[in-house]
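Observations on the model geometry
Residue strings, one per chain:
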Amino acid sequence: MAVWDLSVTVEDLGSDAPPVTISVTSDLHVGGVIVKLVEKTQIKRDWSDHALWWDQKQRWLLRTAWTLEKYGIHADARLVFIPQHKPLKLGLPNGITVRLRACFSNPVFQTVMGICRMLNIRHPEELSLLRPVEEKKKKKDKDLTKEIYDLTEVPLSSVSRPCLYNGMPAHFADSEKMEVIYKMLSVTQPPPAPEVITKQYRPASVVDKAHINGRWLDSSRSLMQQGIQENDRLWLRFKYYSFYDLDPKYDMVRLTQIYEQARWAILLEDIDCTEEEMMLFGALQYHISKVSQSEPQNLSSNAAMDDLDSALQCLEVKMEGESSSATDLLENMTAPELNDYLKIFRPKRLTLKGYKQYWFKFQDTSISYFKSKEESIGEPIQQINLKGCEVAPDVNMAAQKFLIRLLIPAPEGMNEVYLRCENEQQYAQWMAGCRLASKGKSLADSSFQSEIQSIRSFLAMQKTNSGSSAAASDESINTHSLVSPRYHKKYKPKQLTPRILDAYQNVAQLSLTDALMRFLQIWQALPDFGLSYVVVRFKGSRKDEVLGIAPNRLIRIDLGVGDVVKTWRYNNMKQWNVNWDIRQVAIEFEGNVNIAFSCVTADCKIVHEFIGGYIFMSTRSREKSDTLNEELFHKLTGGHEAL
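The protein carries the name FERM domain containing kindlin 3b in an unreviewed UniProt entry, which gives Kryptolebias marmoratus as its organism. As its UniProt record puts it under Sequence similarities (unreviewed entry), the protein is described as follows: "Belongs to the kindlin family."

Looking at the element boundaries, Ser368 is found in strand E15 (residues 366–370). Excluding residues within four positions of it along the chain, Ser368 makes contact with Trp359, Phe360, Lys361, Pro380, Gln382 and Gln383.

Sheet architecture is open: seven strands sit in the order E23-E22-E21-E20-E26-E25-E24, paired in antiparallel fashion. Pairing within the sheet leaves two strands with one partner each, and these edge strands are strand E23 (563–569) and strand E24 (573–579). For this sheet, the mean angle separating the axes of adjacent strands, direction not counted, is 35 degrees. As paired strands, strand E21 (residues 545–549) and strand E22 (residues 553–558) are joined by four bridges and run antiparallel to one another. Counted as the bridge partner of Ile549 is Leu554 from E22. Taken strand by strand, helix H17 (residues 604–617) contacts strand E20 (532–538), E21, E22, E24, strand E25 (584–589) and strand E26 (593–599), and its axis lies near 155 degrees from that of E24.

Here we come to the packing of helix H9 (residues 275–294) against helix H15 (residues 493–505). H15 packs onto H9 with a crossing angle of 75 degrees between their chain directions and a minimal axis gap of 8 Å. Considering the angle they form, H9 stands roughly perpendicular to H15. Contacts between H9 and H15 pair Glu275, Met279, Leu280, Gly282, Ala283, Tyr286, His287 and Lys290 from the former with Leu496, Arg499, Ile500, Leu501, Ala503 and Tyr504 from the latter. Of the residues assigned to the contact of H9 with H15, the class counts are nine nonpolar, two polar and three charged.

Ordered by their spatial adjacency, five strands build an open sheet running E8-E12-E6-E7-E9, and the pairing between neighbours is mixed. In the strand order of this sheet, the two ends are held by strand E8 (127–130) and strand E9 (148–150), each with one partner. Neighbour-to-neighbour, the strand axes of this sheet turn through a mean angle of 45 degrees, independent of strand direction.

In this section: the nonpolar core. Judged by nonpolar contacts, the single largest core of 121 residues is most densely connected at Leu129, Leu151, Trp523, Ile587 and Phe597. In contact with Trp523, not counting residues within four places along its chain, are Tyr241, Phe243, Ile258, Ala262, Ile266, Ile271, Phe281 and Phe529. In this structure, Tyr369, Leu419, Tyr427 and Ala428 belong to the second largest nonpolar core, which totals 33 residues.

It is worth spelling out unusual backbone geometry at this point. Note: most peptide bonds trans; most residues except glycine with negative phi. Positive phi is not limited to glycine here, since Asn120 has a value of about 65 degrees. The phi angle at Asn592 is positive, at roughly 55 degrees, despite the residue not being glycine. Residue position: Asn592 is located in the loop between E25 and E26. With relative accessibility at 70%, the residue Asn592 sits in the exposed group.

As a further point, take the environment of Phe81. Along the chain, the position of Phe81 falls in strand E5 (residues 79–83). By relative accessible area, Phe81 is classed as buried at 2%. As a C-alpha pair, Phe81 and Pro19 span 62 residues in sequence and 10.0 Å in three-dimensional space. With near-sequence residues (within four places) excluded, Phe81 lies in contact with Val8, Thr9, Val10, Glu11, Ile34, Leu37, Val38, Trp47, His50, Ala51 and Leu52.

What the rule picks out here adds up to 28 salt bridges. With its nearest N and O atoms 3.6 Å apart, the salt bridge here joins Arg78 to Asp55. In this pair, Arg78 is assigned in the loop between helix H2 (68–71) and E5 and Asp55 in the loop between strand E3 (50–54) and strand E4 (59–61), connecting sequence segments 23 residues apart. Take Asp55: its relative accessible area is 28%, and that puts it in the partly exposed class. The partner of Glu126 in a salt bridge is Arg254, with the nearest N and O atoms 3.0 Å apart. Here Glu126 is found in the loop between helix H3 (108–119) and E8, whereas its partner Arg254 is found in helix H8 (residues 252–267), with 128 residues between them in sequence. Its relative accessible area of 0% is what places Arg254 among the buried residues. Several salt bridges converge on common partners, so that one network encompasses Arg122, Glu125, Glu126, Asp245, Asp251, Arg254 and Arg620.

Definitions and limits used
Residues numbered from 1 in each chain as written. Predicted model: local features only at pLDDT ≥ 70, side-chain atom pairs only at ≥ 80, totals over all residues. Heavy atoms only, no water. UniProt positions renumbered as here; feature names shortened; annotations may be inferred. Helix = DSSP H or I, 4+ residues; strand = E, 2+ residues; numbered from the N terminus. Contact = heavy atoms within 4.5 Å. Pairing = 2+ DSSP bridges. Axes fitted to C-alpha atoms, helices over the stretch in contact; angles between N-to-C directions. Parallel < 35°, antiparallel > 145°, perpendicular 65-115°, else oblique. Nonpolar A, V, L, I, M, F, W, Y, C, P; charged D, E, K, R; others polar. Core = buried A, V, L, I, M, F, W, Y, C linked by side-chain atoms within 4.5 Å. Buried < 20%, exposed > 50% of the residue type's maximum accessible area, 1.4 Å probe, protein only. Salt bridge = Lys/Arg side-chain N within 4 Å of Asp/Glu carboxyl O.

Structure (structure tokens):
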């Protein structure tokens, strides 16, 4: 075969050095090219992390057995020989920035796995990288450069197989400096100064919230292919709000970072909550910050005891599974039910009718209602099947308002129904029943009582203790650090102090871990939790609308009214596909429901990835939790590039 010259730029020789020219034939494989290159440079070093990057085609030549001919490389190709791992500045959810070596050649999904292994975050599939929002810099802020914590010295070998030492990866136990960095990752940050909160970008509308989702990187392509350069700044964030198997024993960094992301979402009004909930979030932040400063962080754990614990847990689960069949039969013979007078309201636009009282019966996974208790032997006025419905609380303890908001799946979208309970006791039982029924479980399920208990303890936290607040009010507390700017304008700090301390009385006994978990539980119970917004144009429509993507459903929001118009659940989805030529997403649901839309504020690949990603999250199970099915993730999210 004909011999020809191939020029390759070797980054390590410096930016001014001329390209290295080697003689090759078209049937020479990429590995052979690398061997010739290394011999020609005459530099003795470890080249194992280096690979060839084809500049014009923006692709890596990672298949070293492939020949130049198979790749389609000719003499005019601009090739660069560079390391695959390069430094990257990474902004974490808690606001600190670390500098670490990330892989620029693998798909971003694998790069995130490597980063999470280094930082000791389990379930890396829930996170991803995005381009940061530019902060407006004032001239006087010049010297306020943020400290960057350096992790570039961590050897790559220890990241691929991290071993734990005293509960943290061994590479963090190497020096005091590294231990300090690990503490920054695993311990919550103190409440930010009010001026720090007000200076941050806050979305003013649902359209503003949609713009951030146009910044996610593509999981199926490498950093290099997406124009990311060495030492660029990116954010690492939880992208999928589906937190699997959260265990404080192994997940201190993960738990802390989820908490920080949730806290900033609340402080920057990324997610809406009521005033009562804001006071409770404020009280929990105050308590968490207080406890994390005083409680010694016990990072060490006895591995043998942990193994014993998990073995017992597995055994318990197995025993429950094996013994359930007989007990189920007995329980189902006398299936429990709830019966009581409740008020019902169906909010349709332009109706002025209020709540009406009926006799309600809760059996299995459905609710029936009758005109009165006496008529409950006959046919009900209506029977509502709650399987697959949305359940949202609407509670105001001070006003004694106990509402259960139900969104019931229907072929044309969702029907909304409000149930009004008389008191706490009634609310806790019916709310617990609705939550279980929405997951397809009946009142006979073993978790019914614990569900009632957790609802009651949540309500207890929202109660105000008018007598006890005076005793605690002498504590110095910067309340504007604990609530969003809307309340800075509405209340003076001294007006907020008694309200936050009031809520604090109800959580003051919680341990640090319990307080963190409680904060996340209340955040996850907010009606808008887990929604990622994208501005879209539905097929046949002349105006832009907003699509909300949640862990279990898609919602359509009319910008004119700001209301949810339709909801579609993933478990009713038959198939979805993307027409990459016209950049349109088409989805088919059961009952011959078809929707199609093009994306305005984000690439349709991002929406495709969100939907596929959430479906992937729902396939995880305890038996397989140690191994991540990467191939399935790429099949569901990769689009035509994966095929």
